[in-house]
Amino acid sequence: METQIEQLWQLASDLQAKNAQELEAHRIGLLGKKGKITELFEAFKQVSAEEKKMWGQKLNALKKLAETKIEALKSQLQDGTTKTENVLDLTKPAPLALGSTHPLRKVRQEIVDIFRHIGFSVSEGPEIDDDWHVFSALNFPADHPARDMQDTFFMESLGGKDDLLLRTHTSSVQVRLMESQALPIRALCPGRVFRNEAISTRSHCMFHQIEGLYIDENVSFADMKQTLSYFTTAFFGKSQIRLRPSYFPFTEPSAEMDVYWGLNSEADYRITKGTGWLEIMGCGMVDPNVLEASGIDSKKYTGFAFGMGIERIAMLRYQITDIRQFFENDKRILHQFV
Ligand code: DAH
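With respect to the site of the ligand
Around the ligand, the surrounding shell holds 16 residues, and the nearest of these are H169, S171, R195, Q209 and E211. In this structure, a nitrogen atom belonging to the ligand sits 3.0 Å away from a side-chain N or O atom of H169. In the environment of the ligand, an oxygen atom lies 2.8 Å from a nitrogen or oxygen atom belonging to the side chain of R195. Secondary-structure elements contributing two or more residues to the shell around the ligand are α8 (171-180), β6 (206-216), β9 (277-286) and β10 (302-309). Residue classes in the shell around the ligand are distributed as five nonpolar, nine polar and two charged.

Below, the structure written as structure tokens:
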């Protein structure tokens, strides 16, 4: 009986069937009225009482194995799959396509890494902010036309400085830092900003900015120029910059920083409008009124700040001409930035 059980065990384990008829023939051959396993159960009746328990267990296990195997083959045939197709092939390439980092995220990370080297840390602030942090503390007087420079999405009128709005620039995070952190402050504040502008190839209602702030004793305009030139060298490989006088309520003096891009190709003529220079960011020395509004002694401390649009920098880096491409999530475009 032992060898018979062993042989049938092997047979049942290796059972294969190409179609339903073949499977049925196997079933009858093993478990039918005259099947091999059924016959063994007949023979089992002759076994001595002492051996009944052992053989009984083995026979039942064999019957169970044959039944399970036949059931499994049956459902495989119904699924239309064969046994070999069902086997897991660990050498097959994974079917999942890997994602890629969004170009805006990549550029943001590169900028952050460059400034990290010179001691800047990263801080973030709320996207829904109040009038105080976005405008008033940044020296925008109430009803001053400078507020019209930025087309604000207002959310809730809670009265003057408490009005809630979507921040129009990341300069609001400067205020939060100056109010809450010990000096010196050396921080970068990246994030989303919102402006009620018509969407076109060059503007979008939501875009990203990165703000920089450095406040300490004896921080000078020369420090700012040196820091910004270090940045353009590290990011664009171009060190020649110029600072053109400009106006922002929160800096005095204020400037626009241009980088000398060069005129080496037709594209350079196009993007620099034939001048060779490209405007990269706004910057300036933090206005003493802004320091005082946040409780910083403007006689003791000075600082500089700068702010740039991440989309603009990414468009230059990757020669993208339409800002909307960053937001359409077209995989054919996104996968080019692995
Ligand atoms: N907040 C300005 C904007 O959104 C950018 C800016 C200009 C930020 C000068 C600054 C700065 O920190 O000093 O246009």
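Anyway, onward from the coordinates.
Some words on the sheet that holds β10
One open sheet accounts for seven strands, arranged β1-β5-β6-β10-β9-β8-β7; its pairing is mixed. Edge positions in the sheet fall to β1 (121-122) and β7 (241-248), since each has one partner strand and no second. Pairing geometry for β7 and strand β8 (residues 251-260), over seven bridges, is antiparallel. Looking at the pairing, S246 lines up with S254 of β8. Relative to the sheet, α8 contacts β5 (185-194), β6 and β10, its axis offset from that of β6 by approximately 35°.

Here we look at the nonpolar core
Ranked by internal contacts, the top residues of the largest apolar core, which has 39 residues, are I111, I280, F306 and M308. Contributing elements (two or more residues each) for this core: α6 (103-116), β6, α9 (221-236), β8, β9, β10 and α12 (310-318). Leave out the neighbours within four places in its chain, and I111 touches L188, I210, F231, F235, M308 and I313. By size, the runner-up hydrophobic cluster in this structure holds 23 residues, among which are F135, L177, F248 and V286.

Let's talk about the side chain of S172
The residue S172 is located in helix α8 in this model. Assessed through its relative accessible area of 0%, S172 is described here as buried. If sequence neighbours within four positions are ignored, S172 has contacts with D129, H133, V134, L138 and R167.

Some details on helix α3 (residues 36-44)
Buried within α3 we find I37, L40 and F44. For α3, the angular spread of the buried residues around the axis is 50°, confining them to a single face. In the core, the buried residues of α3 are packed alongside α1 (2-13), α2 (20-31) and α4 (49-79).

Topic: the domain arrangement of the protein
Partitioning the protein into structural domains gives domain 1 (2-82) and domain 2 (103-337). Computed over C-alpha atoms, the centres of domain 1 and domain 2 are 77 Å apart.

Focus on the sheet that holds strand β2 (residues 128-130)
Picture the strands of a sheet paired through backbone hydrogen bonds; they go either parallel or antiparallel. The antiparallel open sheet is built from three strands, whose spatial order is β2-β4-β3. The two strands at the open ends of the sheet, each matched to only one other strand, are β2 and β3 (154-156). For this sheet, the mean angle separating the axes of adjacent strands, direction not counted, is 40°.

Overview of the packing of aromatic side chains
Given two aromatic rings, one states the distance between the centres and the angle between the planes to describe the pair. By the definition in use, this model includes 15 aromatic pairs. Ring plane angle 85° and centroid distance 5.5 Å describe the contact between Y214 and F304, whose orientation is recorded as edge-to-face. A residue pair is termed long-range when its members are at least 10 positions apart, and Y214 in strand β6 and F304 in strand β10 qualify at 90 residues. With a relative accessible area of 17%, Y214 lands in the buried category. On the basis of relative accessible area, F304 is assigned to the buried category, the value being 0%. Between F236 and W261, the aromatic rings sit 5.5 Å apart at their centres with planes inclined by 70°, giving edge-to-face as the arrangement. Taken together, the residues F236 in helix α9 and W261 in the loop between β8 and α10 (266-271) connect sequence positions 25 residues apart. Taken as a pair, F236 and W261 share a single burial class, namely buried. Among the aromatic side chains, those forming a connected cluster through ring pairs are F115, F120, Y214, F231, F235, F236, W261, F304 and F306. Between K238 and the ring centre of W261, over which it is positioned, the NZ or CZ distance is 5.1 Å. Seen from the ring of F235, R317 lies directly overhead, with NZ or CZ sitting 4.1 Å from the centre.

Section: unusual backbone geometry
A cis geometry characterises the amide bond from L183 onward to P184, with omega recorded as 0°. With respect to the element layout, P184 can be found in the loop between α8 and β5. E252 connects to P253 through a cis peptide bond whose omega is -5°. In this structure, P253 sits in strand β8.

Conventions used here
- Residues numbered from 1 in each chain as written.
- Predicted model: local features only at pLDDT ≥ 70, side-chain atom pairs only at ≥ 80, totals over all residues.
- Heavy atoms only, no water.
- Near = heavy atom within 4 Å.
- Polar contact = N/O pair within 3.5 Å; in protein donor to acceptor, adjacent residues only side chain to side chain.
- Helix = DSSP H or I, 4+ residues; strand = E, 2+ residues; numbered from the N terminus.
- Nonpolar A, V, L, I, M, F, W, Y, C, P; charged D, E, K, R; others polar.
- Pairing = 2+ DSSP bridges.
- Contact = heavy atoms within 4.5 Å.
- Axes fitted to C-alpha atoms, helices over the stretch in contact; angles between N-to-C directions.
- Core = buried A, V, L, I, M, F, W, Y, C linked by side-chain atoms within 4.5 Å.
- Buried < 20%, exposed > 50% of the residue type's maximum accessible area, 1.4 Å probe, protein only.
- Arc of directions from axis to C-beta.
- Domains from an automatic or database assignment.
- Phe/Tyr/Trp six-rings, centres within 6.5 Å; stacked < 30°, edge-to-face > 60°.
- Lys NZ or Arg CZ within 6 Å of the ring centre and 35° of its normal.

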